[in-house]
Amino acid sequence: MRRRSAILEALELLREVAPTLTLAQIVTFLHIADEDEAVPMIDLQRRTETSAVQAWRNVQALTALGLV
């Protein structure tokens, strides 16, 4: 039997904790979680290829859920 991907397992756990997350919010979360220090908003915007407003909204949604 094939071993499950750690990434897929992590995404499934994330979906259990916060089932309403959008794909953009998940991508934002992954970029934040991949760093040891805070990611400046301008860097987050560039990495996620979103507007400043959308990056801010994604961070706000993640904050409201207690994920960041």
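The structure reproduced in this document is the subject of the present report. It should be emphasised that the depicted structure is a prediction, and the values quoted were computed from it without experimental measurement. (Residues numbered from 1 in each chain as written. Predicted model: local features only at pLDDT ≥ 70, side-chain atom pairs only at ≥ 80, totals over all residues. Heavy atoms only, no water.)

1. With respect to the side chain of Thr28
Here Thr28 is to be found in helix H2 (residues 23-33). Beyond its immediate sequence surroundings of up to four residues, Thr28 is in contact with Leu44, Thr48, Asn58, Val59 and Leu62. (Helix = DSSP H or I, 4+ residues; strand = E, 2+ residues; numbered from the N terminus. Contact = heavy atoms within 4.5 Å.)

2. Describing the pattern of salt bridges
According to the stated counting rule, one finds 2 salt bridges in the structure shown. The shortest N-O distance in the salt bridge between Glu35 and Arg47 comes to 3.1 Å. Of this pair, Glu35 sits in the loop between H2 and helix H3 (41-48) while Arg47 is found in helix H3, placing the two residues 12 residues apart along the sequence. A salt bridge links Arg46 to Asp43, with the shortest nitrogen-to-oxygen separation between them at 4.0 Å. In this pair, Arg46 and Asp43 are both assigned in helix H3, 3 residues apart and thus about one turn of the helix distant. (Salt bridge = Lys/Arg side-chain N within 4 Å of Asp/Glu carboxyl O.)

3. A look at the packing of H3 against helix H4 (residues 52-64)
Relative placement of two packed helices is described by the angle separating their axes and the distance separating the axes. The interhelical angle for the contact between H3 and H4, taken along N-to-C directions, is 105 degrees, at an axis separation of 9 Å. Our classification of the angle between H3 and H4 gives roughly perpendicular. Of the residues in H4, those in contact with Met41, Leu44 and Gln45 of H3 are Ala52, Ala55, Trp56 and Val59. Tallied by class, the residues present in the contact of H3 with H4 amount to 6 nonpolar, 1 polar and no charged. (Axes fitted to C-alpha atoms, helices over the stretch in contact; angles between N-to-C directions. Parallel < 35°, antiparallel > 145°, perpendicular 65-115°, else oblique. Nonpolar A, V, L, I, M, F, W, Y, C, P; charged D, E, K, R; others polar.)

4. Looking at the nonpolar core
If you look at the biggest cluster of nonpolar residues, it comprises 6 residues: Leu14, Ala18, Leu21, Ile26, Phe29 and Leu62. Setting aside residues up to four positions removed in sequence, Phe29 forms contacts with Leu14, Leu62, Leu67 and Val68. (Core = buried A, V, L, I, M, F, W, Y, C linked by side-chain atoms within 4.5 Å. Buried < 20%, exposed > 50% of the residue type's maximum accessible area, 1.4 Å probe, protein only.)

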